[in-house]
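Overview (structure and organization)
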Amino acid sequence: MENTAGTCCDEVKENLTVERVAVAFLPTEWGDFQIAGYRSLISNEEFVALFKGDMRQDIPTLVRIHSQCLTGDVFGSTKCDCGEQLHRTLQMIQQEGRGALVYQQQEGRGIGIVNKIRAYALQDQGADTVEANVRLGLAVDLREYRQCAEILFDLGLCKVRVISNNPLKIQALEEAGLKIVERVSIEVDSSEKAEKYLRTKKEKLGHLLTLKR
Ligand SMILES: [Zn+2]
């Protein structure tokens, strides 16, 4: 059923399972943002959101849910495209003058950094990202996006243009009640080493990517 403008998210907003603890100013090399710290009310999980511009329910706004990747985001790993996607997103939001990024601290699609390194060790021996997790007895993707959607509601958003190549993520945000106005694809120049990782993302996890070969 179509809700009327301005009230589409009220029901969700009354039942949030996250709380905004603090908001501060955060200048970055890509531009000036605000940073908000959130805590889950139902687990120990903490979230961070970077946003800029007025957050309005009636304006379709650029958003991204970025899942933490210590190796890519911080160390500049070329095994994956996470770091470049993160920085590209901040550039896009800066250019647009409005947008929000929710940083979900679920390393390695939820398995944790140490397990991710165990999986990398298997990948060194030829396994792809999915096979490595299966061999370690770990789930391929443990991520849950509902609370990320709640953070976007809490910031004041409702209609979103989601920067993502992951159909499951988009579906999850829609199920959480956000109105997905557009999927904005994000493709960064991937290195040779990331090629296998991206191929697995496309072929085994259904990501919407154009591969070079
Ligand atoms: Zn990564």
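Residues numbered from 1 in each chain as written. Predicted model: local features only at pLDDT ≥ 70, side-chain atom pairs only at ≥ 80, totals over all residues. Heavy atoms only, no water.

Here the focus is the overall build of the chain. The number of helices and strands found in the chain is eight helices and seven strands. Relative to its length of 213 residues, the chain is compact, with a C-alpha radius of gyration of 17 Å against a globular reference of 17 Å. Within the chain, buried positions represent 49% of all 213 residues. Residue pairs at least 24 apart in sequence account for 62% of intrachain contacts in the chain once pairs closer than 6 positions are excluded. For the chain, the exposed surface amounts to about 10700 Å²; the carbon and sulfur share of it is 50%. When the 28 basic and 31 acidic side-chain charges of the chain are each reduced to a single mean position, those positions are 5 Å apart. (Helix = DSSP H or I, 4+ residues; strand = E, 2+ residues; numbered from the N terminus. Rg over C-alpha atoms; globule rule 2.2 N^0.38 Å. Buried < 20%, exposed > 50% of the residue type's maximum accessible area, 1.4 Å probe, protein only. Contact = heavy atoms within 4.5 Å. Areas by Shrake-Rupley, 256 points an atom, 1.4 Å probe, with all protein chains shown as cover. Lys, Arg positive; Asp, Glu negative; His and termini not counted. Charge placed at Lys NZ, Arg CZ, Asp CG, Glu CD.)

Detailed conclusions should not be drawn from predicted coordinates in areas where pLDDT is low. The predicted model of the chain has a mean per-residue pLDDT of 87, with 91% of residues at 70 or higher. Residue range residues 1-6 is modelled with pLDDT below 50. Its contacts to residues more than four positions away, or to other chains, number four contacts. (pLDDT = per-residue confidence, 0-100.)

Below, the discussion takes up the sheet that holds strand β4 (residues 61-67). Across the sheet, which stays open at both edges, the seven strands sit in the order β1-β2-β3-β5-β4-β6-β7 with mixed pairing between neighbours. Lying at the two open borders of the sheet, with one neighbouring strand each, are β1 (18-28) and β7 (179-184). Strand-to-strand twist of the sheet, defined as the mean angle between neighbouring strand axes without regard to direction, takes the value 25°. Pairing between strand β3 (residues 46-52) and strand β5 (residues 99-104): six bridges, direction antiparallel. Within the sheet, the bridge partner assigned to Ala49 lies in β5 and is Val102. Each of β4, β6 (159-163) and β7 touches helix α7 (residues 167-175); the most contacted strand, β7, lies at about 165° to it. (Pairing = 2+ DSSP bridges. Axes fitted to C-alpha atoms, helices over the stretch in contact; angles between N-to-C directions.)

Further remarks concern the coordination of the zinc ion. The protein atoms that coordinate the zinc ion are Cys69 (SG), Cys80 (SG) and Cys82 (SG), at distances of 2.2 Å. Positions of the donor residues of the zinc ion along the chain correspond to the pattern C-x10-C-x1-C. Of the two residues, Cys69 is situated in the loop between β4 and α2 (70-74) and Cys82 in helix α3 (residues 82-96); the sequence distance between them amounts to 13 residues. Each member of the pair, Cys69 together with Cys82, is buried. (Donors = N, O, S within 2.8 Å, 3.2 Å for Na, K, Ca; no water.)

What follows deals with the nonpolar core. Judged by nonpolar contacts, the single largest core of 27 residues is most densely connected at Tyr38, Ala100, Ile151, Leu152 and Leu155. Looking at this core, the elements with two or more residues in it are β2 (31-40), β3, β4, β5, α6 (146-155), β6 and α7. Element by element, the count of residues in this core is highest for α6, at six residues. Residues within four places of Ile151 in sequence aside, it is in contact with Val18, Tyr38, Phe47, Ala49 and Val102. (Core = buried A, V, L, I, M, F, W, Y, C linked by side-chain atoms within 4.5 Å.)

A separate point is the packing of aromatic side chains. To describe a pair of aromatic rings, one takes the distance between the centres and the angle between the planes. Inspection of the entire model under this criterion finds zero aromatic pairs. The aromatic ring of Phe33 is capped on one face by Lys52, whose charged end is 5.5 Å from the ring centroid. Looking at Lys79, its charged tip hangs above the ring of Tyr120, at a distance of 4.4 Å from the centre. (Phe/Tyr/Trp six-rings, centres within 6.5 Å; stacked < 30°, edge-to-face > 60°. Lys NZ or Arg CZ within 6 Å of the ring centre and 35° of its normal.)

The subject of this paragraph is the environment of Thr71. Take Thr71: it is sitting in helix α2. What makes Thr71 buried here is its relative accessible area of 14%. Between the alpha carbons of Thr71 and Gly83 there is a distance of 8.3 Å; along the sequence they are 12 residues apart. Setting aside its immediate chain neighbours within four residues, Thr71 contacts Gly76, Ser77, Glu107, Ile113, Lys116 and Tyr120.

In this section: the pattern of salt bridges. Per the counting criterion, the structure on display carries seven salt bridges. Across the pair Arg20 and Asp154 runs a salt bridge, and its minimum N-O distance is 2.9 Å. A residue pair is termed long-range when its members are at least 10 positions apart, and Arg20 in strand β1 and Asp154 in helix α6 qualify at 134 residues. On the basis of relative accessibility, which here comes to 41%, the residue Arg20 falls in the partly exposed class. Here the salt bridges share partners, and the residues they tie into one network are Glu96, Arg161 and Glu182. (Salt bridge = Lys/Arg side-chain N within 4 Å of Asp/Glu carboxyl O.)

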